Amino acid sequence: MLIPCLACESRFIPDEYFRACSAYNRGLDLVLWTCPRCGNHDELRVLPGELGFGYTSRGRFAVHDRVRVPGLRRHRGDLRLDISLDKASWRVPGRVRQLV
């Protein structure tokens with residue numbers, strides 16, 4: 001299974017793709033991802049069996065495009081998102097909000 005970058009159309013094995021996830025926003029339930037090849041930044045939601053790509057608007061995240069990833073699972077923690085596929089797993093740390 002290869003997962004695409006929607007900007008440059010490069011394809012990545014799951015380990016390379018999910019290691020490029022930098023932060024998890026629990027409030028909006030989205031992951032920040034940066035393409036290792038082109039540097040494009042995407043916001044995505046990890047859903048059972050698929051990735052949902054979209055945009056934040058009016059304080060909500062709207063999924064516009066979906067990429068199927070059969071067997072993909074997720075578990076939300078207080079300060080992280082755990083992603084698993086087959087026997088592999090990745091932990092995406094939560095983004096700590098700064099007090100103003």
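Note: the structure precedes this text.
Caption draft 1: Main features of the pairing of strand 9 (residues 80-85). The element strand 9 is largely enclosed, with a buried count of five among its six residues. The pairing of strand 8 (residues 73-76) with strand 9 spans four bridges and is antiparallel. Looking at the pairing, arginine 74 lines up with isoleucine 83 of strand 9. Between the end of strand 9 and the start of strand 10 (residues 88-93), which pair antiparallel, lie two residues, with aspartate 86 showing a positive phi angle near 55°.

Caption draft 2: Focus on the environment of arginine 66. Turning to its location among the elements, arginine 66 is positioned in strand 7 (residues 60-68). The exposed category is assigned to arginine 66, whose relative accessible area is 52%. Counting along the chain gives 16 residues from arginine 66 to glutamate 50, while the straight-line C-alpha distance between them is 6.5 Å. A distance of 2.4 Å separates the side chain of arginine 66 from the side chain of glutamate 50, its partner in a polar contact.

The rules we used
Residues numbered from 1 in each chain as written. Predicted model: local features only at pLDDT ≥ 70, side-chain atom pairs only at ≥ 80, totals over all residues. Heavy atoms only, no water. Buried < 20%, exposed > 50% of the residue type's maximum accessible area, 1.4 Å probe, protein only. Helix = DSSP H or I, 4+ residues; strand = E, 2+ residues; numbered from the N terminus. Pairing = 2+ DSSP bridges. Polar contact = N/O pair within 3.5 Å; in protein donor to acceptor, adjacent residues only side chain to side chain.

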